[in-house]
Amino acid sequence: MNHYTRLQIKGYEDVVRCDNSDVGFTAWISIHNSNRGPALGGCRVWNYDNKDEALIDVLRLSRGMTYKNALARLPIGGGKSVVHTDITTVNRAAMFAAIGDFVETFDGLYIIAEDVNSTLEDMEIVKEKTNHVATVGASGNPSPFTAYGVYCAIKACVKFKLQRDTLDGLTVAVQGVGETGGRLAELLYKDHCNIIATDINQENLQRLAGRVDFQRVPPAEIYTTGCDIFSPCALGGILNEQTIPALLCQIVAGSANNQLLTDKDGERLHRRGILYAPDYAVNAGGVINISCELGTQYNREKAKKRTSRIESTLLEIFRTAKQRSRPPHVIADCLAENLFSLRAAA
Ligand code: NAD
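This write-up is about the structure you can find in this document. Here the structure is a predicted model, which is why all the values come from computation and not from measurement.

Once that is clear, we can look at the sheet that holds strand 10 (residues 229-232). Reading across from one edge, 9-8-7-10-11-12 is the order of the 6 strands in this open sheet, with parallel pairing throughout. Whereas interior strands pair on both sides, the edge strands pair on one side only; in this sheet they are strand 9 (214-216) and strand 12 (275-276). By the bridge criterion, 3 bridges tie strand 8 (residues 194-198) to strand 9 in an arrangement that is parallel. Each bridged residue has a counterpart across the sheet, and for I196 the counterpart in strand 9 is Q215.

This is how it looks when you write it as structure tokens:
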């Protein structure tokens, strides 16, 4: 049985903890901001070291969704759910049914989707308890849209930084060729870019080799590889005081979340004259695609067109950043804050 505890957290609209000792999990749903519409964000399942760590994660992730959704001008707010459990032993079906009941208590103000360790099949179970589920409909796998959004972001960076309208002949170093990085490499290759790639998973490199000619480098060398564009598509925190001085690129734009270890690292890139495309502006394609099935008939072409607007959003950020002599990540935050501070109807 679910037991709910409402938490008061400054700066957050609603945060609720759900304890279920029968099934063996504790979960949180955090709605950071719903000014633009119901809060949409995936359900992350993880065996955290402790409950405080899980709470910090759901707060950080839900806040991030508010910024991402606002900057993409979506009529949705920012939320997230996190489930703290041992995924290897828990009764998965019972857990996701209980999570469905939890979501239903928000009466549509929170919309759940897949995330780390939660799948489409899990969402089918959630859907038996609540209608407030995204990604079980027509929009499908978000990764191709995320990859396409990164490709559009790279085009914006190249226009702004290199004053070029084509990617022809540019060299892109891709860190991580999984769901998003692999697809991105294909799009860039088709557009006549030279691809350098690394991954810790040889199978993913192998799969890419069947579709793209590329130069492999060991994971540690990706930061010191000469290229025009470095595209982090694996991990967060990889732009930091160790890696930034070593970078031999003019542009950083990739799918990975939370690329800057700290805000200071955005300043560091700026001082080095490297154009950094703020990650949550770049990787919004997946959520843009999902949003296209909320309350309306899904249309793939429309989703693709909306994703391509990432290019103009970034150009707006870069131009403002230049005018104000500020790093792009600071401008992206200001722009997003303006967008979610106003009610959608305003
Ligand atoms: P993925 O797991 O499919 O791919 C990541 C790849 O990075 C894997 O092949 C993995 O082996 C590789 N990798 C891990 N550590 C590495 C290292 N140290 N060096 C080199 N390669 C390494 O994940 P994904 O779905 O492509 O997501 C990548 C990033 O993009 C994540 O940060 C994710 O949160 C973010 N993101 C993804 C989506 C999406 O739609 N999939 C949307 C928004 C953000």
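Let's pick the thread back up.
So, on to the site of the ligand. Around the ligand there are 19 residues in total, and T146, E179, T180, D199 and N204 lie nearest to it. At 2.7 Å, a side-chain N or O of N204 approaches an oxygen atom of the ligand. One of the side-chain N or O atoms of N257 is found 2.9 Å from an oxygen atom in the ligand. Contact with the protein chains hides 74% of the accessible area of the ligand, taken as 830 Å² for the molecule alone. Among the residues forming the shell around the ligand, the class breakdown is 6 nonpolar, 10 polar and 3 charged.

Contact geometry for helix 1 (residues 51-71) and helix 12 (residues 328-341): axes closest at 8 Å, N-to-C directions at 85 degrees. In terms of axis orientation, helix 1 runs roughly perpendicular to helix 12. Side by side, helix 1 and helix 12 meet where T66, Y67, A70 and L71 of the first sit next to A332, D333, L335, A336, E337, L339 and F340 of the second. Classifying every residue of the contact of helix 1 with helix 12 gives 8 nonpolar, 1 polar and 2 charged.

The subject of this paragraph is the nonpolar core. Counting residues in each nonpolar core, the largest one holds 61 residues, and the members touching the most others are L71, I154, L188, I195, L314 and I317. Sort the elements by how many residues they give to this core and helix 4 (residues 143-162) lands first, with 11 residues. Apart from residues no more than four positions distant in its own chain, L71 is found in contact with Y280, A281, T313, I317, A332, L335, A336 and L339. Counting residues in hydrophobic clusters, the runner-up holds 23 residues, among them V45, A98, F102 and Y110.

Summed over the entire model, instances satisfying the criterion amount to 8 aromatic pairs. An angle of 70 degrees between the planes, with centres 6.5 Å apart, marks the rings of F106 and Y110 as edge-to-face. Comparing F106 with Y110, the two get one shared label, buried. A centroid spacing of 5.4 Å and a plane angle of 35 degrees characterise the contact between F160 and F318, whose relative ring orientation is tilted.

Time to look at the pattern of salt bridges. Going through the model one piece at a time under the given rule, you end up with 14 salt bridges. The closest approach of N and O atoms between K80 and D115, which form a salt bridge, is 2.8 Å. Taken together, the residues span a long stretch of sequence, with K80 in strand 5 (residues 77-84) and D115 in the loop between strand 6 (110-113) and helix 3 (120-127) at a distance of 35 residues. Residue classification places D115 among the partly exposed residues on the basis of a relative accessible area of 22%. A single network of salt bridges, built from pairs that share partners, joins R17, D19 and K51.

The subject of this paragraph is helix 2 (residues 92-104). For helix 2, which comprises 13 residues, the first-to-last C-alpha distance of 18 Å matches the rise-based estimate of 18 Å (1.5 Å per residue) to within 8%. Buried within helix 2 we find M95, F96, A97, A98, I99, G100, F102 and V103. Backbone nitrogen of A93 and a side-chain oxygen of the N-cap are separated by 3.3 Å at the start of helix 2; the cap is N91.

If you trace the backbone, H84 turns up in strand 5. From its side chain, H84 meets the backbone nitrogen of Y48 in a polar contact 3.2 Å long.

Tracing the backbone shows A173 in strand 7 (residues 171-175). When near neighbours in sequence (up to four residues on either side) are disregarded, A173 contacts I196, I222, C227, I229, F230 and S231.

Reading the values: rules and limits
Residues numbered from 1 in each chain as written. Predicted model: local features only at pLDDT ≥ 70, side-chain atom pairs only at ≥ 80, totals over all residues. Heavy atoms only, no water. Pairing = 2+ DSSP bridges. Helix = DSSP H or I, 4+ residues; strand = E, 2+ residues; numbered from the N terminus. Near = heavy atom within 4 Å. Polar contact = N/O pair within 3.5 Å; in protein donor to acceptor, adjacent residues only side chain to side chain. Areas by Shrake-Rupley, 256 points an atom, 1.4 Å probe, with all protein chains shown as cover. Nonpolar A, V, L, I, M, F, W, Y, C, P; charged D, E, K, R; others polar. Axes fitted to C-alpha atoms, helices over the stretch in contact; angles between N-to-C directions. Parallel < 35°, antiparallel > 145°, perpendicular 65-115°, else oblique. Contact = heavy atoms within 4.5 Å. Core = buried A, V, L, I, M, F, W, Y, C linked by side-chain atoms within 4.5 Å. Buried < 20%, exposed > 50% of the residue type's maximum accessible area, 1.4 Å probe, protein only. Phe/Tyr/Trp six-rings, centres within 6.5 Å; stacked < 30°, edge-to-face > 60°. Salt bridge = Lys/Arg side-chain N within 4 Å of Asp/Glu carboxyl O. Expected span 1.5 Å × (residues − 1).

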